[in-house]
Amino acid sequence: MSLDARARITIQVIAAEALKEFQRTGQAIKGVSDQTKQQTGILQGAGQAWKSMLVGIGAATAAIYTVKKAIDFAREGAEIMELRGAFAGLAAEAGQSSDAIVSAIKRGADGTIDEMEAISVATRAMNLDIASTPEQFEKLANVAETLGDRLGKNTAQSIDDVTAALTSLMPRAIRSAGITADAQGVWTAYALSVGKTVDQLTNAEKRTALLDEANQRLGAGTPSLADNFDRLGVAV
């Protein structure tokens with residue numbers, strides 16, 4: 001089930017509960033009025049009225065809280081749809097399918113990242129010219145997920161770290177992110193394979209070389225306990 005579909009269902013359920021709470025609140029407040037009129041003893045009537053009033057206030061508070069949650073979910077659903085629409089436009093400008101990119105990221109991350117996180121990291125990576133095709137994003141997610149397991153990070157955080165290192169193209173940052181300890185060697189080998197020198201490589205080519213080499217060397221990561229918790233969080 002898609003993220004916005006789940007958000008709509010949740011909103012409908014919460015709205016229904018809110019309506020029930022308002023109905024119960026109305027009944028409680030009406031009861032206060034009826035009881036107050038029926039009391040013959042001033043002190044007894046006042047005490048009972050206050051008791052019923054407190055019940056009504058409690059019910060009203062619960063109803064307001066429920067409605068607030070419904071509004072929060074509605075706002076979150078709207079933000080998700082807005083984010084999805086913006087990313088679809090960004091992907092289209094690059095001649096790519098946003099759905100294909102999101103699927104590739106989730107596949108490369110082995111189910112440890114949800115749709116909203118996938119869209120967020122993909123948007124950043126595209127804006128920084130790190131990746132643009134589903135194939136590149138799958139490699140990026142696979143490398144990040146594997147490195148995240150080794151470094152004790154979740155996949156989304158690891159993708160951000162790998163993206164930052166690839167943006168800088170600084171050997172030290174690349175090494176710190178765990179991508180490779182020999183960036184210059186990777187670039188030299190790639191340059192030879194395309195008939196260029198390292199100096200002739202574009203930044204995009206250098207990033208492609210690093211991702212290709214890391215993806216081939218690291219392979220698919222071994223599922224960890226943290227991965228299982230991440231998958232559970234995505235599924236909920």
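Everything below is about the structure shown above.
Residues numbered from 1 in each chain as written. Predicted model: local features only at pLDDT ≥ 70, side-chain atom pairs only at ≥ 80, totals over all residues. Heavy atoms only, no water.

Engineer: Hey, could you go over the side chain of E205 for me, with residue numbers and the actual values?
Structural biologist: With respect to the element layout, E205 can be found in helix α9 (residues 203-218). Note on E205: relative accessible area 18%, which makes it buried. If we skip the residues at most four places from it in the chain, E205 touches Y190, K196 and Q200. (Helix = DSSP H or I, 4+ residues; strand = E, 2+ residues; numbered from the N terminus. Buried < 20%, exposed > 50% of the residue type's maximum accessible area, 1.4 Å probe, protein only. Contact = heavy atoms within 4.5 Å.)

Engineer: Account for the packing of aromatic side chains, with residues named and values stated.
Structural biologist: Applying the stated rule across the entire model yields 0 aromatic pairs. Stacked on the ring of W187, the Lys or Arg K206 has its end atom at 5.0 Å from the ring centre. (Phe/Tyr/Trp six-rings, centres within 6.5 Å; stacked < 30°, edge-to-face > 60°. Lys NZ or Arg CZ within 6 Å of the ring centre and 35° of its normal.)

Engineer: Quick one: what's the story with the nonpolar core, residue by residue and with numbers?
Structural biologist: By size, the foremost hydrophobic cluster in this structure holds 42 residues, and its most contacted members are I105, F137, L140, I179, W187 and L210. Elements with a contribution of two residues or more to this core: α2 (42-93), α3 (98-108), α4 (115-127), α5 (134-151), α6 (155-168), α8 (183-193) and α9. Those residues within four positions of F137 in sequence are excluded, and the remaining contacts are I101, I105, A122, A125, M126, A131 and S132. (Core = buried A, V, L, I, M, F, W, Y, C linked by side-chain atoms within 4.5 Å.)

Engineer: Just give me the short version of α5, but keep the residues and values in it.
Structural biologist: Between its first and last C-alpha atoms α5 spans 25 Å; for 18 residues at 1.5 Å apiece the expected length is 26 Å, and the two agree. Buried within α5 we find F137, L140, A141, N142, V143, A144, E145, T146, L147 and G148. Just past α5, the residue G152 takes up positive phi, approximately 75°. (Expected span 1.5 Å × (residues − 1).)

Engineer: Describe unusual backbone geometry, with residues and values.
Structural biologist: Even without glycine at this site, D110 takes up a positive phi of about 60°. Residue position: D110 is located in the loop between α3 and α4. We note that L169 has phi near 55°; this positive angle belongs to a residue other than glycine. Assignment of secondary structure puts L169 in the loop between α6 and α7 (171-176).

Engineer: Please set out the pattern of salt bridges residue by residue, giving values where relevant.
Structural biologist: Tallied over the full model, the rule gives 8 salt bridges. Residue K153 is joined to D161 by a salt bridge in which the shortest nitrogen-to-oxygen separation is 2.6 Å. Accessibility expressed as a relative area gives 26% for K153, which makes it partly exposed. Linked by salt bridges that have partners in common, E135, K139 and D212 make up one network. (Salt bridge = Lys/Arg side-chain N within 4 Å of Asp/Glu carboxyl O.)

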